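Working through the structure, step by step
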Amino acid sequence: MTSFFLDSPFLGPTLLLQLKYGAKTHKIYACSASRSNKCKILAQHQNKINYKNRRIIAIKRVRKFLKLKKSERKFCITCQIILLPCEWEKHLNHNLIENVCKSRFARPTKLLSSKTINNEEAQFLFDETTVLFLISTLSKLGFTRIINLGCPSIHEMIQVNKQKYAMESLLLDIDSRYCQFYTRRKFILFNMFNGHFFEEDGQARFENFIQQSEASKMCLLIDPPFGGLVQAIAKTIETFNEKCSSIFNRNFELPMMFFFPYFNEKIIRKYFNHINMLDYKVNYINHLKFCKFKTKFGSVVRIFTNINSKLIELPYQEGYRFCKDCQKYVSSQNQHCFKCGQCTS
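Predicted model, so just to flag it, every value in this text is computed and none were measured. Every chain begins its residue count from 1, and numbering advances along the sequence as written. Two thresholds apply to this predicted model, a pLDDT of at least 70 for residue-level local features and 80 or more for giving and counting side-chain atom pairs, whereas whole-chain, interface and lining totals are computed over all residues. Note that water and hydrogens are dropped before the side-chain values are worked out from all heavy atoms of the structure.

Let's talk about the pairing of strand S7 (residues 145-149)
Of all 5 residues in S7, 5 are buried, a share of seventy percent or more. Burial status follows relative accessibility: with a 1.4 Å probe on protein chains alone, a residue under 20% of its type maximum counts as buried, one over 50% as exposed, and anything between as partly exposed. For the purposes of this entry, the term helix denotes a DSSP run of H or I that reaches at least four residues, the term strand denotes a run of E that reaches at least two, and both are numbered from the N terminus. Burial along S7 is two-sided: Arg145, Ile147 and Leu149 and Ile146 and Asn148, pointing in opposite directions, are all buried. Should DSSP find at least two bridges between two strands, the strands are taken to pair. Bridge count for S7 against strand S11 (residues 218-222) is 5 bridges, and the pairing is parallel. Across the sheet, Arg145 pairs through a bridge with Met218, a residue of S11.

Focus: the environment of Arg269
Position of Arg269 relative to the elements: it lies in helix H9 (residues 265-271). Taking C-alpha positions, Arg269 is 9.1 Å from Phe304, a pair spaced 35 residues apart along the chain. By the convention used here, residues are in contact when the closest approach between their heavy atoms is within 4.5 Å. Arg269 has contacts with Ile275, Asn276 and Met277, leaving out every residue within four places of it along the chain.

What to know about the packing of helix H7 (residues 202-211) against helix H8 (residues 230-248)
All axes are obtained by fitting lines to C-alpha atoms, using only the stretch in contact for helices, and the reported angles, taken between N-to-C directions, cover 0 to 180 degrees. Interhelical geometry of H7 versus H8 gives an angle of 55° and a closest axis separation of 10 Å. Between H7 and H8, the angle falls in the class oblique. Between H7 and H8 lies a crossing of right-handed hand. In contact with Gln203, Phe206, Glu207, Ile210 and Gln211 of H7, H8 contributes Phe240, Lys243, Cys244, Ile247 and Phe248. Put simply, angles under 35 degrees are roughly parallel, angles over 145 are roughly antiparallel, angles from 65 to 115 are roughly perpendicular, and the rest are oblique. Definitions for this section: a left-handed crossing has its near helix turned counterclockwise from the far helix by less than a right angle. A right-handed crossing has that turn clockwise.

Some remarks on unusual backbone geometry
Notably, Gln80 is not glycine yet its phi reads approximately 60°, a positive angle. Secondary-structure assignment places Gln80 in the loop between strand S4 (74-76) and strand S5 (81-83). At Cys151, a residue that is not glycine, the phi angle is positive and equals roughly 55°. With respect to the helices, strands and loops of the structure, Cys151 is situated in the loop between S7 and helix H5 (152-160). Judged by relative accessible area, which is 1%, Cys151 ranks as buried.

Observations regarding the packing of aromatic side chains
Working definition: rings of Phe, Tyr and Trp (its six-membered ring) pair if their centres are within 6.5 Å, and the pair is stacked with planes under 30 degrees apart, edge-to-face with planes over 60 apart, and tilted otherwise. With the rule as written, the count across this model stands at 21 aromatic pairs. Consider the rings of Phe126 and Phe259, whose centres lie 4.9 Å apart with planes at 65°: the pair is edge-to-face. Placement of Phe126 in the loop between helix H3 (102-105) and helix H4 (128-140) and of Phe259 in strand S12 (residues 256-261) is noted, with a sequence separation of 133 residues between them. For the pair formed by Phe126 and Phe259, the shared burial category is buried. Summarising the aromatic geometry, the rings of Phe322 and Tyr329 are spaced 5.1 Å apart at their centres and angled 65° between planes, so their arrangement reads as edge-to-face. A relative accessible area of 30% means that Phe322 is categorised as partly exposed. According to the relative accessible area criterion, Tyr329 is buried, its value standing at 16%.

Digging into the sheet that holds S5
Pairing within the open sheet is antiparallel, and its 3 strands lie in the order S5-S4-S6. Taken across any chain shown, the strands that pair with only one partner, and hence form the sheet edges, are S5 and strand S6 (96-98). Mean inter-strand twist for the sheet, computed between neighbouring axes without regard to direction, equals 25°. Sheet topology places S4 next to S6; 3 bridges connect them, and they run antiparallel.

Some points on the packing of H4 against H5
Contact geometry of H4 with H5 gives a least axis separation of 10 Å together with a crossing angle of 65°. Between H4 and H5, the angle is such that the two are roughly perpendicular. Between H4 and H5 lies a crossing of right-handed hand. Of the residues in H5, those in contact with Val131, Leu132, Leu134 and Ile135 of H4 are Ser153, Ile154, Met157 and Ile158.

A word on the pattern of salt bridges
Between Lys or Arg on one side and Asp or Glu on the other, a salt bridge is scored when a side-chain nitrogen of the former is within 4 Å of a carboxyl oxygen of the latter. One pass over the structure, following the stated rule, counts 12 salt bridges. Where Lys186 meets Glu168, a salt bridge forms, and the shortest distance between an N and an O atom there is 2.6 Å. Of this pair, Lys186 sits in the loop between strand S8 (168-173) and strand S9 (187-191) while Glu168 is found in strand S8, placing the two residues 18 residues apart along the sequence. A relative accessible area of 25% means that Glu168 is categorised as partly exposed.

Below is the structure:
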C-alpha cells in the first residue's frame, strides 16, 4: 500500500495496492474494507448515501420503539432491524425476537447477528471473561475515556454499567446497524482502514470526544479483522495521534491495546512504535479458533500495547503468574530464560 486516493460511494477512499506477479508489479485501487477481489457493497451502491437523514430516521424509530409496551417490541433477526407495529405485517414470515425489554435493547450484540465473512466485515466478539478483564484493567490504569475502534462488546458493557465503571465510551465502527441502538454522541460510522468518517459531522464529534478528555485518561482499543492491512490501520492511528497532539498542544501518542494473533508480532512491531505483547489470551464467543474451549492451547490472539506491561496485572485464576525477574505478569506455562531475560514459551 502506498497511498490513499479516489472516493468510493459507500466505503470512502480506496487504497492503492501494489500486487506482485513474479518479477512484475501491478498497482490497483481497491476497496479498503473488503479483502476479496470484488466488493459487493461497492457494486450495489452507485450513489452516495445521505447518512444524516438515515440517522435522523433511526433516532425517530428508536424513540417510538422504546415508547411501546414490552409486548409490542419486536426485533427482526432476518432483516436485523427493530420493528414498529405498522411494519409487522411485512415481516410475518421472518425470524423474530418478541417482547424485547429495555435491558435487552441496551445489549445490541445479543440481538444482532455477527457478520463472519472473513474477507469483508468479520465480526468476532470478546467473551465475557475477556470483556470484564479488559474493563477492570482499564479502570485500574486510571482510564475513563475509551475510544473503541471496533470492540462493540466493550462499548456495550461500559454503556450499561456507567455508574459502576465511571467511564465514557465512544464506538467507531463500520456496521451501520448500531445506529439503531446508540446516539450520535456514542457511535460514529467509521472505516478503520482508510480513516473515513461517513457522516459529515463524524470527525467533529470524534474531536469533541477528545477535547472533553484529559490526555492521561484516554485509551484506544482496536479489534480489527485479522485479514486486514495492518499498515492501513497504523496510518489511521497516526492521524488520531496527530489530531490529539494538535488538541493537547504537545506531542501525544494515544495509549492503546491492539488485539491480533501473536504470530503477527513482527508486522505489528514494524508499524507501531514502543509496542509490547502481553501473554493474555483473548477469547471470542463466535470463533472456532479463538475460543479457549475449541483448541488445546487456547486462543492465539494477544494484546499488543504501548502501555508499560509491568503495570498490567493478569489474573492468577486464568493461568498467569508474576515473574520477579521480568517484573511483570506472564503465562504460568512460560519459564524465565536468564540468557534473553524474558519468560518465553
